[in-house]
Amino acid sequence: MTSATPRPATRRGQTTYDIAVIGGGVVGAAIARELAGYQLTVALVEARSDVGDGTSKANTAILHTGYDAKPGTLESRLVRRGHQLLGDYAARTGIPVERTGALLVAWTREELDALPGLKAKAEQNGYDRCQIIGASQVYQELPHLGSGALGALTVPDESIICTWTVPLALATDARLRGTELLLNARVDGADVKEDATVLRTTAGDVRARYVINAAGLGCDAVDRLFGYDRFTVTPRRGELLVFDKQARPLVNRIVLPVPTKRGKGVLVSPTIYGNVMLGPTAEDLPDKTATGTSETGFEFLLRKGEKLIPDLLREEVTASYAGLRAAINRDDYLIHADHDRRYLLVAGIRSTGLTSAMAVAEHVRDLLAGTGLDLAPRGQLPGPPQMPNIGENFTRPYQDAARITADPAYGRVVCFCERVTAGEIRDAYRSPIPPCDLNGLRRRTRAMNGRCQGFFCGAEVLALAGSHGDLTPPGRATHETR
Amino acid sequence: MTTPADLTTDVLIIGAGPAGLTAAATLAPRLDGEVLVLDREAAAGGIPRHSDHPGYGIRDLKTFISGPAYARRLAGNAARAGARVRTLAMVTGWAGPRTVEVTSPDGRQRITARAIILATGARERPRTARLIPGDRPAGVYTTGQLQNLVHLHHRTPGTRAVIIGAELVSWSAAVTLREAHCRPVLMTSTHHRPESYAAFAIPGRLALRLPVATRTRITKITGHGRVQAVELEHLDTGTRRTIDCDTVVFTGDWIPDNELARAAGLDMDPATRGPLIDTAQATSTPGVFAIGNLTHPVDTADIAALDGRAVTSHVLRYLREGATTTAPEIRVLPGDNLLWISPGRINTAVTPPRGRLLSWPRLHIRVPTVTIRQDHITLTRRRLPWPASPGRVFRIPSSFLATATAKDGPVTVDVA
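Calculation notes
- Residues take numbers from 1 onward in each chain, read along the sequence in its written order.
- All chains are assigned letters beginning with A, and all ligands numbers beginning with 1, in the order in which they are written.
- Totals for whole chains, interfaces and linings use every residue, but because this is a predicted model, local features are given only for residues with pLDDT of at least 70 and side-chain atom pairs only at 80 or more, for both listing and counting.
- Elements are defined by DSSP. Helices are runs of H or I of four residues or more, strands are runs of E of two residues or more, and each kind is numbered from the N terminus.
- Atoms counted for the radius of gyration: C-alpha only. Globule rule: 2.2 Å times residue count to the power 0.38.
- A residue is called partly exposed when the number of other C-beta atoms within 10 Å of its own lies between 12 and 20, exposed at 12 or fewer, and buried at 20 or more, with C-beta atoms placed from the backbone.
- Residues are scored as being in contact if the C-beta atoms we place from backbone atoms lie within 7 Å.
- Any set of buried Ala, Val, Leu, Ile, Met, Phe, Trp, Tyr and Cys residues joined through C-beta atoms within 7 Å is what this text calls a nonpolar core.
- For every domain, the bounds stem from an assignment made automatically or drawn from a database.
- Under the scheme applied, nonpolar residues are Ala, Val, Leu, Ile, Met, Phe, Trp, Tyr, Cys and Pro; charged residues are Asp, Glu, Lys and Arg; polar residues are all the others, including Gly.
- The predictor rates its confidence in each residue with pLDDT, a number between 0 and 100.

**Thoughts on the overall build of chain B**
For chain B, the count of helices and strands is eight helices and 27 strands. Here the C-alpha atoms of chain B give a radius of gyration of 22 Å, agreeing with the 22 Å that 2.2 N^0.38 yields for 416 residues. Expressed as a percentage of its 416 residues, the buried residues of chain B come to 54%. Residue pairs at least 24 apart in sequence account for 65% of intrachain contacts in chain B once pairs closer than 6 positions are excluded.

**Observations regarding the nonpolar core**
A:A20, A:V21, A:L44, A:V45, A:I212 and A:V346 are the most contacted members of the largest nonpolar core, which has 131 residues in total. For this core, the element with the highest residue contribution is helix α9 (residues 353-368) of chain A, accounting for eight residues. Looking at which domains feed residues into this core, each of domain 1 (7-99 + 158-233 + 328-391) and domain 2 (102-156 + 234-326) of chain A supplies at least three. With residues near it in sequence (within four places) discarded, A:A20 still touches A:A43, A:V45, A:L199, A:V206, A:A208 and A:V211. Ranked by size, the runner-up nonpolar core spans 122 residues in total, among them A:L441, B:L232, B:L260 and B:L266.

**Here we look at the domain arrangement of chain A**
All names here are of chain A. The domains assigned to chain A are domain 1 (7-99 + 158-233 + 328-391), domain 2 (102-156 + 234-326) and domain 3 (397-467). Contact residues are listed per partner, giving five residues for domain 2 and four residues for domain 3. Of the residues in the side of domain 2 that touches domain 3, the class split is two nonpolar, one polar and two charged.

**Thoughts on the interface of chain B and chain A**
In this assembly, 44 residues from chain B lie in contact with 43 residues from chain A. Residue assignment for the side of chain B that touches chain A shows that the elements contributing at least two residues are β6 (90-96), β7 (99-104), β8 (107-118), β9 (122-124), β10 (140-142) and α4 (143-152) of chain B. With five residues, α4(B) is the largest single contributor of residues to the side of chain B that touches chain A. In terms of residue class, the side of chain B that touches chain A is made up of 15 nonpolar, 18 polar and eleven charged.

**Digging into unusual backbone geometry**
Following A:G279, the chain continues into A:P280 via a peptide bond in cis, with omega recorded as -5°. By the secondary structure assignment, A:P280 is in the loop between β16 (276-279) and β17 (283-284). Cis peptide bonds are those with omega within 30 degrees of zero, and the linkage from B:P297 to B:V298 qualifies with -10°. The topology assignment puts B:V298 in the loop between β19 (288-290) and α8 (301-321). Positive phi is not limited to glycine here, since B:H154 has a value of about 55°.

**What about the confidence of the model for chain A?**
Low pLDDT marks stretches whose predicted atomic positions should not be read closely. Residues and elements named next belong to chain A. Scored by pLDDT, chain A has a mean of 91; 94% of the residues are at 70 or more. Segment residues 1-11: pLDDT under 50, and 15 contacts once partners within four positions in sequence are set aside and those in other chains are kept. Note that pLDDT drops below 50 for residues 471-482; the model gives that stretch 40 contacts with residues more than four away or on any other chain.

So this is what it looks like as structure tokens:
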């Protein structure tokens, strides 16, 4: 096993990478993986202690068709392409996906009247499988939907996906292809020199011939380090409620609101882990660390939930969390290469970025053609990693008789609510990118993410994590409730 | 290693806490057949295993011992009685009305039984289910997690704690914190006075020097990485204040661990959120019984254990005759001042365990009067000499319902 810990600064200071990708979220990880498939040395530079730990982890986790993008935009093209790429990649790596389909439900005359336009827009975006259905068919598809639905637009290929496994798979793949992963390395300065750029990071200097800024919420600050002042990231907080698995039979499709002049509204969706998710709110904030939840957010969501799926409110809430979308004041992705400074910006990748990430990576690669970087494919690339399945629609280890027989650790259920076994926790710590705290373990295994939130298993999971090398003192352990 | 064969047994008990172990110990000597108990934990005994303070075994074993000692004694009794207790064996679902799927390190297995007793217990609602907003730092626990951490894993929770709730279990949390050198600085209750017995709360307050903020709810948790403070609101004035602490313990607010009961498709009791049972502790599926805090969240461990003793004759009768009784049943509903009442169905020929209906009051009533109504007619109005308190079970003699008849529809029980 290779270590994910950064090499000492002095040694790294002498290495000149061909590419440094700033930001280990889903987009940065996809770019690093893509470029590591060529004759290039790549460093993936992440400010936090884990990959996929920022905006990527608190996504609505939908694999989008791109039916509602603004036609003709880069986003429209990359989401459509990304849907295909990530769908295929998920099948090869074992990233859990469930093809649930979505319904945009119209509750008012105005919304109903908007459906044909949305269908036409989907077709402009190259997606022609939408149908407009009447109220009775809506209730056939969604028998628990609240009363008053007038009709809906179907989007049969909108799917749910594991938003935690995607960046982890891409970053793992990047590592297997030789990318160096530098964690806890926040970029605070950049010296663009003649032959290379030196990034000043909290984990030492990183030298690279070409720098790609995929820093998400931080990409405006990084952009300024390269002398630009062209946009500001306004974090848009989205609060979400996750309901108990026992609610899952109530919601078998993604239920989307019809976008109106008053905003995008709240959706209800099954999750890949077998729960039901309600949200998000949308609130612009000045603070890029404000991932707290609020009373007003909860009240708003519960009111919406009561109208959408009244029975949902009788179920317990298992988790609540808030994510920050990296919104910029622009209708499209902002991807721009400055070959003079050997610097490429990838900004404004909002929630569609989970779907489009692999297509964004291809696009970035194409922009790098003719820059002197050697874009000849590397021979003998390792195969894609096989990711542990933490989704409910494939066989989980606790259900797998042959696997338990071969290794009894998969029969030792540690987290009862989520049915996580000791074998899976062990595997997470032995993986190419092991967790560095309990939150990382939760994203890799689902341990402690269930309805009891650690009432039964919290201490046991902590002990197991400790035995595998996570020596965070318990009083300092970052097991946030999520 | 080979995959274990599917097996059949006579009585399968799911959950080796006080209720399940006591049922096993009582049933095994009287049954011509096997009693198998499954528990997903590494050791039998249930919650008392990590409640390391005295007060256990009073009504069932006529003794006064610590939780861990009580857990060991119950597990020993079940084993000596001839029941088989398997730990690290988790029932994950159903393959038939009395067939379950089990995962253990020995493999994946189906077990079919002639009768099944569900004794899966209850747990405290965590912060998330209570919808407490704010940051999501470390240092937020339930009593169960706290006691597991301190007593079974010998770890330190923090240094300065606020306890949410003032029930019996909340004082148990305070004692645990003290032992772990984490100072409880405040306890909160949404009621006008602490929910626990005065006999416990007053010495508790004095011994632990722990003030109780009444009519108070928690409105926010703040802190990045680690808890820094909680925001509390006074329910009458709406005034909010901030208390510095690095640990928050959410206590009480119980919910049955009802996943298996719901997955089986049993009729559920919307008030207890456990399976709907009758006075014979039978669920809506013949041959499936439910006992303990799964059916009354929550009473003390000894009462759960006595459920396990009481269910024995009903199970034996079911195995002998294919039914627990043929007498008609009456639905029992909680009135406005009760959160729940259990059992939810009264069988006119069967007395509930200890001849008591269990209920959970929503408010304090020093000298409560119980009213039984059926079809708009008051059948009984009786005063009881023990107080009703919102932090513990209020027990009502089942004889109060003697005049109710099956043909007149549901009975409502209330207290005022």
